[in-house]
Amino acid sequence: MPRTLQQMIWDDHVIDTYPDGTCLLAVDRQMIYEGTSFQAFEALKISKRPVRRPAATLATPDHMVPTHDRSPQAMRSGSRHLVEALDRNCRDHGIFHIPLEDRRQGIVHVVGPEQGFTLPGLVLVCADSHTSTHGAFGALAFGIGTTELEHVLATQTLTQRPSRSMRVTVDGPLAPGVFAKDLALAMIAEIGASGGNGHAIEFAGSAIDALSMEGRMTLCNMAVEAGSRSGLVAPDETTFAYLDGRPFAPVGTAWDQAVAYWRTLRTEDGATFDAEHRLDGTALGPQVTWGTSPEHTVGVDRAVPDPDDAPDAQTADAWRRALEYMDLRPGTAMADVAVDRVFIGTCTNGRLEDIRAAAAVVRGRRIAPGVHAMVTPGSGLVREAAEREGLDVVLRDAGFEWRLPGCSMCFGGAYDSVGDGQRCASTSNRNFENRQGRGARTHLMSPAMAAAAAVTGRITDVRELG
Amino acid sequence: MQPFVTLTSVAAPLAIANINTDDIFPAPATSPIKLGRAGASRDELGKNAFAVWRWNADETPRPEFVLNQPPFDQAAILVTLDNFGCGSSREMAVWTLLGTGIRCIIAPSFGDIFYGNCCKNGLLPVRLGGEDVAALLALVDVPGGALVTVDLTAQQVTGPDDSVHRFEIEPYHRTMLLAGLDEIAATLQRADAIEHFEQDYDRRRPWVAASGPPT
């Protein structure tokens, strides 16, 4: 039987299959950070279990770190304890660790690929739902809980059932001003926030082939917002070119062997998927969310929808609740919605390509009066690369804050949040109620669109700024 | 973990779809118990459950939220709508529910990662059809509440009207929940199989062990 990419990677890692179809699955590598790993290490300590394969782990702090100031007095006690616990646990167990003061520190889902830790064909996990990001390389990557992380650290395995398979085919090319983020939002609007539940989504088609690795990561990152634990893109020359020469990537003969194998990682002709969707990428314009679920997405040239037009009563209820929370009326043009805050960064859109796109929009312009805007690069190396290109100067001159790497305002963390009732144009991944702070109103969009909103002070079709 | 066999309790209705783990366990800016601080171990997170809905900013209770209303403040069962626990993988969402006394959630569907996290902590996620859930919601959303019984051995939910709703659960999870199994101990008993696999894998995919971070 012809197999899908997901099945090929799965089969390559099955140690044992239990009577009900649950598998004991080998895990190649895992990433850890301060926020969800300390409880796993505590539990290992109590049960006196060692870490089975310390070299399979990459650690860096990201969720609970300040991005405005790295001086010791800027750290609050809770996050300081978590960061120190990560330092200590890595030291005690011989785990490779990029600490807060290291220039390579950043968001795990930016750092892993950047260092060449993420490779095609691997089973890769992290106690964070956006681990789906790494599927951009043709790895089977998915988020797990802390108890599962403890299981991985102790056994280098997980007990899992295989996900069902879904393919989303996107015909391209995408139009100028339209990015992977727009594609991701449109895909979620199409299949729904739970449409991918129980499935791994493989992205295919000419629009995907043409995406950079950064774009593929943005798309796979958002697969989890459609309910899918994993997104996947088959590895190709774009993938190999990205990985070649990365610090932790294979070298020499090992590289040649790896690439020869990676070239075989493609869904076989005739393989069938449990679900198939097709999107016309050529017809797609910039997308923006209006509500409190990523599925609440419309084109920027559209209006806020009316609950009376919802497909069913439950959806109508959800739309009413969302409109009340967002303080929006049906029929309001999205382009008339004013914003208070602009946030560019995160594991979704905190890479160099994203910062370039934002800087290209604001170059020679100023952000609108009354708007607070910030860029948080996804890693220290992204930050350095952007500075080498002078992008920090462009953004600062426009009135943006130029931050240090971390998850920052993606969620209402210890340091940054959107104020009660404030409206934020955000390149992050979740527009949930209270996600960016109590009463925060989030509109998800691409970095170029967020930059356009900063300049005009309202949600704006970036194509109109020329 | 604590086994789950059978449970009879008042059931709290929460008729909202797509409740995510940020709703269940809000981020530090909006949660009373801050991770990393003293008194924030996994057994002590109950106060954070639905914190923004349940507490005002000054931590006084919001009487309109169902879990602040007797007898639902004593509920060990939650009845809710589709895709409960979507979003972030944070297992704190499960720990905080356990900490506030919830042992079972009945919904038409769950977020994938949350579902797995529940099963590994003795919190039973019950998937019932949309119509069954709607019927249960109507029966439990009454002044004074109503009792629901969940029996994992028989794989059935009995409503306040004695209606019986059979549910499916993966046999692996059922066994683990009924026994309160230490899954890591069980997996470690298969160390030989893991070892054998790894030796073979290193031969088949030599570049994996040959690359990666410095040790």
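Residues numbered from 1 in each chain as written. Chains lettered and ligands numbered in written order. Predicted model: local features only at pLDDT ≥ 70, side-chain atom pairs only at ≥ 80, totals over all residues.

**Some thoughts on the overall build of chain A**
What counts here: The helix count covers DSSP runs of H or I at least four residues long, the strand count covers runs of E at least two residues long, and both are numbered beginning at the N terminus. Based on C-alpha atoms, the radius of gyration is set beside the globule rule, defined as 2.2 Å times the residue count to the power 0.38. Residues with at least 20 other C-beta atoms within 10 Å of their own are called buried, those with 12 or fewer are called exposed, and the rest are partly exposed. The C-beta atoms themselves are positioned from the backbone. For the purpose of contact definition, each residue receives a C-beta atom placed from its backbone, and two residues are in contact when these atoms lie within 7 Å.
Tallying secondary structure elements over chain A gives 16 helices and 19 strands in all. The C-alpha atoms of chain A give a radius of gyration of 21 Å, which matches the 23 Å a tight globule of 466 residues would have. The dimensions of chain A, computed from C-alpha atoms along their principal axes, are 55 × 55 × 45 Å. Looking at the 466 residues of chain A, the share that counts as buried comes to 62%. If you take every contact in chain A between residues at least 6 apart in sequence, the share linking residues at least 24 apart comes to 78%.

**Describing the overall build of chain B**
Broken down by element type, chain B carries nine helices and seven strands. Dimensions of chain B along its principal axes, counting C-alpha atoms only, are 65 × 45 × 25 Å. Across the 215 residues in chain B, those meeting the buried criterion constitute 49%. By sequence separation, contacts in chain B at least 24 residues apart represent 66% of the contacts at least 6 residues apart.

**Remarks on the pairing of strand β19 (residues 441-444) of chain A**
All names here are of chain A. Note the threshold: At least two bridges found by DSSP between two strands are what make those strands a pair.
Burial along β19 is two-sided: the residues Arg-441 and His-443 and Thr-442 and Leu-444 are all buried. The pairing of strand β18 (residues 423-426) with β19 spans four bridges and is classified as parallel. When the bridges of β19 are listed, Ala-425 appears paired with His-443.

**Concerning the interface of chain A and chain B**
Going by this rule: Classification convention: Asp, Glu, Lys, Arg as charged; Ala, Val, Leu, Ile, Met, Phe, Trp, Tyr, Cys, Pro as nonpolar; all other residues, Gly among them, as polar.
Each side of the interface is counted separately: chain A has 67 residues, and chain B has 55 residues. Sorting the residues of the side of chain A that touches chain B by element identifies β1 (14-17), β2 (23-26), α2 (34-46), α3 (77-93), α5 (146-155), β8 (157-160), α10 (252-262) and α11 (313-326) of chain A as the ones contributing at least two each. If one sorts the elements of the side of chain A that touches chain B by residue count, α5 of chain A sits on top with seven residues. Broken down by class, the residue content of the side of chain A that touches chain B amounts to 23 nonpolar, 30 polar and 14 charged.

**Quick notes on the sheet that holds β18 of chain A**
Residues and elements named next belong to chain A. Read from one edge to the other, the open sheet built from five strands follows the order β17-β16-β15-β18-β19, with strand pairing classed as parallel. With partners counted over all chains shown, the strands left at the sheet margins are β17 (401-402) and β19, one partner each. Here two bridges tie strand β16 (residues 372-376) to β17, and the two strands are oriented parallel to one another. Counterpart to Met-374 in the pairing with β17 is Glu-401.

**Structural notes on the packing of helix α13 (residues 352-362) of chain A against helix α16 (residues 447-456) of chain A**
Helix-helix packing is described using two parameters, namely the angle between the two axes and the distance between the axes. Residues and elements named next belong to chain A. Just so we agree on the cut-off: Axis lines are fitted through C-alpha atoms, for helices just across the contact stretch, and the angle between N-to-C directions can take any value from 0 to 180 degrees. The cut-offs work like this: below 35 degrees is roughly parallel, past 145 is roughly antiparallel, 65 to 115 is roughly perpendicular, and the gaps in between are oblique. Should the near helix be turned counterclockwise from the far one by less than a right angle, the crossing is left-handed, whereas a clockwise turn marks it as right-handed.
Remark: α13 packs on α16, axes separated minimally by 8 Å, with the N-to-C direction vectors making an angle of 30 degrees. In terms of their interaxial angle, α13 and α16 are classed as roughly parallel. For the crossing formed where α13 meets α16, the hand is right-handed. Residues Asp-354, Ala-357, Ala-358, Val-361 and Val-362 of α13 pack against Pro-447, Ala-448, Ala-450, Ala-451, Ala-452, Ala-454 and Val-455 of α16. Looking at the contact of α13 with α16 residue by residue, the classes come out as 11 nonpolar, no polar and one charged.

**Examining the pairing of β16 of chain A**
All names here are of chain A. With respect to burial, β16 is a largely interior element, four of its five residues being buried. As paired strands, strand β15 (residues 341-345) and β16 are joined by five bridges and run parallel to one another. Paired with Gly-345 across the bridge in β16 is Thr-376.

**A closer look at the sheet that holds strand β3 (residues 104-107) of chain B**
Residue and element names in this part refer to chain B. Within the open sheet, the seven strands sit side by side as β4-β3-β2-β1-β5-β6-β7. Their pairing is mixed. Whereas interior strands pair on both sides, the edge strands pair on one side only; in this sheet they are β4 (124-127) and β7 (164-166). Averaged over all pairs of adjacent strands, the angle between their axes in this sheet comes to 25 degrees, without regard to strand direction. With three bridges joining them, strand β6 (residues 156-158) and β7 adopt antiparallel strand pairing. Bridge pairing in β7 links Thr-158 to Val-164. Across the face of the sheet, helix α5 (residues 130-140) comes into contact with β1 (6-14), β2 (77-80), β3, β5 (147-151) and β7 while running at roughly 120 degrees to β2.

**A look at the nonpolar core**
Going by this rule: A set of buried Ala, Val, Leu, Ile, Met, Phe, Trp, Tyr and Cys residues, joined through C-beta atoms within 7 Å, is what we mean by a nonpolar core.
Ala-358 of chain A together with Ile-106 of chain B are the most contacted members of the largest nonpolar core, which totals 215 residues. Examining the composition of this core, we find that nine residues originate from one element, helix α6 (residues 180-191) of chain A, more than from any other. Excluding residues that lie within four positions of it along the chain, Ala-358 of chain A makes contacts with Ile-344, Val-375, Leu-395, Pro-447, Ala-448, Ala-450 and Ala-451 of chain A.

**Notes on the confidence of the model for chain B**
As a general rule, the predicted coordinates of low-pLDDT regions are not to be interpreted in detail. Put simply, the test is: One confidence number per residue, pLDDT, is output by the predictor and ranges from 0 to 100.
On average, residues of chain B score 95 in pLDDT, and 100% of them are at 70 or above. We note a pTM of 0.97 for the whole complex and an ipTM of 0.96 for its interfaces.

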